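Report on the structure
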Amino acid sequence: MELKDKVIVVTGGGRGLGRAMALELAGKGAKLALVDLDPNDLDTTVAQCAELDVEARSYICNVTEEDAVEQLFKDVVADFGTLNGLVNNAGITRDGLFLKVKEGKVVGKMSMDQWNQVLNVNLTGTFLCGREAAAQMIELGSAGCIINISSISRHGNMGQTNYTATKAAVQAMAVTWAKELARYGIRATSIAPGYIGTEMVMSMKPEALDKIAAGIPAKRLGKPEEIARAVSFIFENDYVNGRCIEVDGALRI
Ligand code: NDP
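These remarks concern the structure in this document. (Residues numbered from 1 in each chain as written. Predicted model: local features only at pLDDT ≥ 70, side-chain atom pairs only at ≥ 80, totals over all residues. Heavy atoms only, no water.)

This part takes up the layout of surface pockets. Rolling a probe over the atoms, with the probe sized like a water molecule, indicates the empty space that remains. As a volume, the largest pocket reaches approximately 1,100 Å³. In terms of lining, the largest pocket is formed by 45 residues, of which the most central are G91, I92, T93, Y163 and M200. Broken down by secondary-structure element, the contributors of at least two residues to the lining of the largest pocket are α1 (16-27), β2 (31-36), α5 (161-181) and α6 (199-202). In this model, the second largest pocket occupies a volume close to 210 Å³. If you go around the second largest pocket, the residues you meet are Y195, M204, A208, K211, I212, G215, I216, L251 and I253. Of the residues belonging to the lining of the second largest pocket, the class tally is seven nonpolar, one polar and one charged. (1 Å grid on protein atoms, 1.4 Å probe; cavity = no way out; pocket = protein on both sides within 12 Å on 5 of 7 lines; lining within 4 Å. Points joined across faces, edges and corners; volume = space filled by probe spheres on them. Helix = DSSP H or I, 4+ residues; strand = E, 2+ residues; numbered from the N terminus. Nonpolar A, V, L, I, M, F, W, Y, C, P; charged D, E, K, R; others polar.)

In structure tokens:
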């Protein structure tokens, strides 16, 4: 798919990886529908895209709310006239041990709140946005592509029972969608980033970050632009479908 003038939705487009993806796609001439909770972050990303001479619009929407997501995709199609792609990027962490044990006694548990918050955004949000994007593309007869942002953590990572469950799931959902939607000209893939230097990761303690970087064969965190380039590669290559692209500096957890 040639990206010029294609309409792409990026959730979590206000900052971090979502902003880098928006700028990468804008650089290729795509039109952007950027979705987030924070209007200030969105304004900044929209302004940066506009500097690259493309149409970019902001949509405040909580991806966990079914009605809001249905309306979002109707609005995007009404505003731009079509839809060609989605990056399911909005995501959160609420890390904690599954069980905390001191001297043989269980002193803490991952709470239902930690579990539900992460499942709602990372899993339900991805499900809803993927479903509504595909529904619109099918009805428009528009070929396109959906990319779910998974994570290296999908294999299982200490302190991330909730997050790993969602990131394994969004990868598997992309495989299912690839199989179900190919007949409509819609591809679905995922990307599994390693540790990338966005706010989500940079908010960790410096000692923890140093330890992580030391364990990566590349000896550094990834850059948001390196994930963004994987996004444009997938959009542009029509034979990439149903697979997970790993962009992690060779780290294995
Ligand atoms: P950030 O926290 O920097 O950005 C996430 C964005 O998603 C924020 O703008 C946030 O908005 C938005 N968001 C959160 N919840 C919702 C919601 N309910 N509805 C709409 N928007 C929402 O994260 P990153 O850029 O680092 O991560 C982006 C994606 O990449 C996530 O899915 C993450 O799991 C994944 N990832 C990141 C890695 C990394 O190393 N950074 C590694 C592997 C995967 P607000 O600011 O208003 O909360």
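Let us keep going from here.
Okay, the packing of helix α3 (residues 66-80) against helix α4 (residues 112-140) next. Contact geometry of α3 with α4 gives a least axis separation of 9 Å together with a crossing angle of 35°. Two packed elements cross with a definite hand, and for α3 against α4 that hand is right-handed. Note on element contacts: α4 touches α3 through L128, C129, R131, E132, A133, Q136 and L140, opposite E66, V69, E70, F73, K74 and V77. A class-by-class count of the residues in the contact of α3 with α4 yields seven nonpolar, one polar and five charged. (Axes fitted to C-alpha atoms, helices over the stretch in contact; angles between N-to-C directions. Left-handed = near helix turned anticlockwise from the far one by under 90°. Contact = heavy atoms within 4.5 Å.)

Here we come to the pairing of strand β7 (residues 144-149). Across the six residues of β7, six count as buried, placing the element largely inside the fold. Two elements, strand β4 (residues 85-88) and β7, share four bridges in a ladder whose sense is parallel. What sits directly across from L86, in β7, is I146. Here six bridges tie β7 to strand β8 (residues 186-193), and the two strands are oriented parallel to one another. Bridge pairing in β8 links G144 to I186. (Buried < 20%, exposed > 50% of the residue type's maximum accessible area, 1.4 Å probe, protein only. Pairing = 2+ DSSP bridges.)

This paragraph deals with α3. A rise of 1.5 Å per residue sets the reference length of α3, with its 15 residues, at 21 Å; its end C-alpha atoms lie 21 Å apart and thus fit the reference within 8%. In this structure, the buried side of α3 is in contact with β1 (7-11), β2, β3 (56-60), β4 and α4. One or two steps after α3, the chain reaches G81, where phi turns positive at roughly 90°. (Expected span 1.5 Å × (residues − 1).)

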